[in-house]
Amino acid sequence: MKIAIVGTGYVGLVSGACFAEMGLDITCVDIDAEKIEGLNAGVIPIYEPGLEELVRRNVEAGRLHFTTDLTECLPHVEVVFSAVGTPPDEDGSADLKYVLDVARTFGRHIRKYTVLVTKSTVPVGTAQKVRAVIEEELEKRGCKVPFDVASNPEFLKEGAAIKDFMSPDRVVVGVDSERARKLMAKLYRPFLISNFRVLFMDIPSAEMTKYAANAMLATRISFMNEIANLCDRVDADVEMVRKGIGSDARIGNKFLYPGCGYGGSCFPKDVKALAHTAREHGYTMQVIEAVERVNEQQKGIVFEKLQTALGDLRGKVVAIWGLAFKPETDDMREAPATVVIGRLLDAGAEVRAYDPVAMPESRRRMADLPIRYAQTMYEAAEGVDAVALLTEWKELRMPDWTQLRATMRGDAVVDGRNIFDKPEVEAAGFRYFGIGK
Ligand SMILES: NC(=O)c1ccc[n+]([C@@H]2O[C@H](COP(=O)([O-])OP(=O)(O)OC[C@H]3O[C@@H](n4cnc5c(N)ncnc54)[C@H](O)[C@@H]3O)[C@@H](O)[C@H]2O)c1
Ligand SMILES: O=c1ccn([C@@H]2O[C@H](COP(=O)(O)OP(=O)(O)O[C@H]3O[C@H](CO)[C@@H](O)[C@H](O)[C@H]3O)[C@@H](O)[C@H]2O)c(=O)[nH]1
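Residues numbered from 1 in each chain as written. Chains lettered and ligands numbered in written order. Predicted model: local features only at pLDDT ≥ 70, side-chain atom pairs only at ≥ 80, totals over all residues. Heavy atoms only, no water.

## Side note on the site of ligand 1
Basically, it comes down to this: If a single non-hydrogen atom of a residue is within 4 Å of a molecule or strand, that residue counts as near it. We define a polar contact as two N or O atoms separated by no more than 3.5 Å, with the added condition that, inside protein, one atom must be a possible hydrogen donor and the other a possible acceptor, whereas residues neighbouring each other in sequence contribute only through side-chain atom pairs. Accessible surface area values rest on a Shrake-Rupley calculation with a 1.4 Å probe, where residue burial reflects the displayed protein chains alone. Strands are runs of DSSP state E lasting at least 2 residues, helices are runs of H or I lasting at least 4, and numbering of each runs from the N terminus. Gly falls in the polar group here, along with every residue not listed as nonpolar (Ala, Val, Leu, Ile, Met, Phe, Trp, Tyr, Cys, Pro) or charged (Asp, Glu, Lys, Arg). Throughout the structure description, domain borders are defined by an automatic or database domain assignment.
Close to ligand 1 lie 27 residues, the nearest being Asp-30, Lys-35, Thr-86, Glu-158 and Lys-269. Between an oxygen atom of ligand 1 and a main-chain N or O atom of Thr-121, the distance comes to 2.9 Å. Calculation on ligand 1 without its partners gives an accessible area of 840 Å², and the protein chains cover 88% of this total. Broken down by secondary-structure element, the contributors of at least two residues to the shell around ligand 1 are helix H1 (10–21) and helix H5 (97–109). Within the shell around ligand 1, the residues separate by chemical class into 11 nonpolar, 8 polar and 8 charged. Taken domain by domain, the makeup of the shell around ligand 1 includes at least three residues from each of domain 1 (2–201) and domain 2 (211–297).

Structure follows, in structure tokens:
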């Protein structure tokens, strides 16, 4: 089966490579000519474990192709996945410009029955808009080509994207025709061969499921961050509390880690977009709006702890360990590091930074800021007053505290992800500041 995937970002490229691995013939399409040129030359535009090898293998096998022109492959494919970005607009709503652009091209050029599947995260009601755009284009052409639209939200996590795509907990598919349903079932069968967990539903429910899932996960994080902030004030240890509640099967132990706030290209934008959809329908989602407010506040927690530790920050030097919004990615969209670094510099502090993979991205994103990058976590910490850990990369988890104590000027360690052993850090002569522990 031949399919096209439009948008060659985290979702599109991973989906394309994984479908190709299952033996399908995939064409990945992107309007970014530089990206496509790079991909055709074997350059992967993002850091995602395992992706480079997966792409190379499938390109070599002749199953994975890259182009800037959707119209070129459209006559040959049965399904088009739309995995373009849906960035937040100024009012928090999802900007559907790219999604509707794809629909327009689809409507202008299809010649036979094809299904347009939206994989991007889009607000409930988007499929109707997509369908209307396609119908409008077909009408302009004066022809009646059969087509279907479908919703197939993606649940992969960056850093574990291939594993998540290859063995998903479930696949959610919103359809309104039997023909599209059969096609989608065929497409996903190889991924779920021993336990078919494709949940078919109506399209609005599928669109809504994606936001509900992200909002629920974000809610757990903001909830735990508030519990941690209270633990700080009453001398309780949130790590004990986390274990205590996570062992209740009704609660479960995942996504209960307090820290310096959630970042990334999804939770912040999707929580805002859900709240916006609700308001558009005359309803205020109070829990969801509070989740976002708590997160905004939490992104400042490391800065506040540095203030507590160091007092006036003017002239103080701080090492930032970890810049990406989470480990195993170079993505810095909405990363807490951007907030902490901005506030430190505004307060007159000097910033040294180290991240195993996100430094090129950080240099690009914060090009105008006077950040000094280091080659190792130890180099970043030389002569500083405090170190602050923001991303729990594996290589940052077991520092040699004795060595650090000898080379640092000050004695403050702010653990924005609660990964260090407080007694061990204190035994080496440091003052330890965790999040609720
Ligand atoms: N990043 C994730 O982990 C993740 C996970 C699940 C869902 N999502 C959702 O999937 C969607 C894509 O996210 P992403 O992180 O992969 O985005 P991204 O920004 O990494 O990639 C989007 C790509 O689409 C391309 N594009 C835009 N308009 C186009 C057009 N008309 N034709 C061809 N290409 C076009 C851009 O050039 C870009 O390369 C979003 O809606 C996001 O919310 C993301
Ligand atoms: O207990 C936790 C778990 C996560 N985080 C933070 O939450 C953010 C998001 O992490 P994660 O969910 O692992 O990464 P994403 O790649 O953003 O994935 C989320 O967003 C994607 C895009 O919609 C969805 O597909 C995924 O299912 C959903 O987990 C990161 O800043 C994490 O540090 C916490 O603070 N505490």
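## So, the packing of aromatic side chains
Under the convention used in this document: Each Phe, Tyr or Trp ring, with Trp reduced to its six-membered ring, pairs with another whose centre is within 6.5 Å; inter-plane angles below 30 degrees give stacked pairs, above 60 give edge-to-face pairs, and intermediate values give tilted ones. Relative accessibility thresholds used throughout: buried, under 20% of the residue-type maximum; exposed, over 50%; partly exposed, between the two (1.4 Å probe, protein chains only).
Under the counting rule described, the total for this entry stands at 13 aromatic pairs. Between Trp-321 and Phe-420 the ring centres are 6.3 Å apart and the planes differ by 85°, which places this aromatic pair in the edge-to-face class. Taken together, the residues Trp-321 in strand S9 (residues 317–321) and Phe-420 in the loop between strand S13 (412–415) and helix H18 (422–427) connect sequence positions 99 residues apart. Each member of the pair, Trp-321 together with Phe-420, is buried.

## What about the side chain of Thr-114?
Structurally, Thr-114 can be placed in strand S5 (residues 114–118). Assessed through its relative accessible area of 1%, Thr-114 is described here as buried. Of note is the side chain of Thr-114, whose polar atom sits 2.9 Å from the backbone oxygen of Lys-112.

## Description of the site of ligand 2
Taken together, 19 residues form the shell around ligand 2, and within it Phe-155, Leu-156, Lys-210, Asn-214 and Cys-266 come nearest. Measuring from an oxygen atom of ligand 2, one finds a backbone N or O atom of Phe-155 at 2.7 Å. A distance of 2.8 Å separates an oxygen atom of ligand 2 from a polar side-chain atom of Asn-214. Compared with its free state, where it exposes 700 Å², ligand 2 has 91% of that area covered by protein. The set of elements that each furnish at least two residues to the shell around ligand 2 consists of helix H9 (203–234) and helix H11 (267–280). The dominant element in the shell around ligand 2, judged by the number of residues it contributes, is H9, at 3 residues. Of the residues belonging to the shell around ligand 2, the class tally is 10 nonpolar, 2 polar and 7 charged.

## Here we look at the environment of Arg-431
Which entries qualify depends on this criterion: Note on definitions: a residue-residue contact is assigned when non-hydrogen atoms from the two residues lie within 4.5 Å.
Here Arg-431 shows up in strand S14 (residues 431–433). Remark: the alpha-carbon pair of Arg-431 and Asp-411, spanning 20 residues in sequence, is separated by 5.9 Å. The residues touching Arg-431, leaving out its near neighbours within four places in the chain, are Ala-309, Asp-411, Ala-412 and Val-413. Here Ala-309 takes part through its backbone oxygen, which lies 3.0 Å from a polar atom of the side chain of Arg-431.

## Digging into the state of the cysteines
Operational definition: The disulfide criterion is simple: two cysteine sulfur atoms within 2.5 Å.
With the rule as written, the count across this model stands at 0 disulfides. Here Cys-28 is not cross-linked by a disulfide; its sulfur's nearest cysteine counterpart is in Cys-73, at 9.6 Å. Classification of Cys-28 as buried rests on a relative accessible area of 0%. Among the cysteines around Cys-143, which has no disulfide bond, Cys-73 carries the closest sulfur, lying 18 Å off. On the accessibility criterion, Cys-143 (27% relative accessible area) is partly exposed.

## Quick look at the domain arrangement of the protein chain
Keep this limit in mind: Once two parts are put together, the accessible area they lose, assessed with a 1.4 Å probe and summed over both, is termed the buried area.
The domain boundaries assigned to the protein chain delineate domain 1 (2–201), domain 2 (211–297) and domain 3 (299–433). With centres defined by C-alpha atoms, the gap from domain 1 to domain 2 works out at 30 Å. Taken together, the contact between domain 1 and domain 2 spans 15 residues of the former and 10 residues of the latter. The junction of domain 1 with domain 2 conceals about 860 Å² of combined surface from both sides, 63% of it contributed by carbon and sulfur atoms. For the pair domain 1 and domain 2, the interface holds 3 residue pairs in polar contact (both at pLDDT 80 or more).

## Side note on the sheet that holds S14
Our working rule: In this scheme, strands are said to pair when DSSP sees at least two bridges between them. In this analysis an axis means a line fitted to C-alpha atoms, helices contributing only their contacting stretch, and an angle means the value between N-to-C directions, from 0 to 180 degrees.
In space, the 6 strands of this open sheet follow the order S11-S10-S9-S12-S13-S14, with parallel pairing throughout. Two strands close off the open sheet at either side, each with one partner strand: strand S11 (371–373) and S14. Across the sheet, the mean angle separating the axes of adjacent strands is 20° when strand polarity is ignored. Sheet strands in contact with helix H13 (residues 301–310) are S9, strand S12 (386–389), S13 and S14, and its direction is about 160° off that of S13. Strands in contact with helix H14 (residues 336–346) are S9, strand S10 (350–354) and S11; relative to S9, the strand with the most contacts, it is inclined by about 175°.

## Brief notes about unusual backbone geometry
Even without a glycine there, the phi angle at Glu-334 is positive, about 55°. Tracing the backbone through its elements, the reader meets Glu-334 in the loop between S9 and H14. Accessibility expressed as a relative area gives 30% for Glu-334, which makes it partly exposed. The phi dihedral of Asn-418 falls on the positive side, at around 55°, and the residue is not glycine. Relative accessible area serves as the criterion here: at 9%, Asn-418 is assigned to the buried category.

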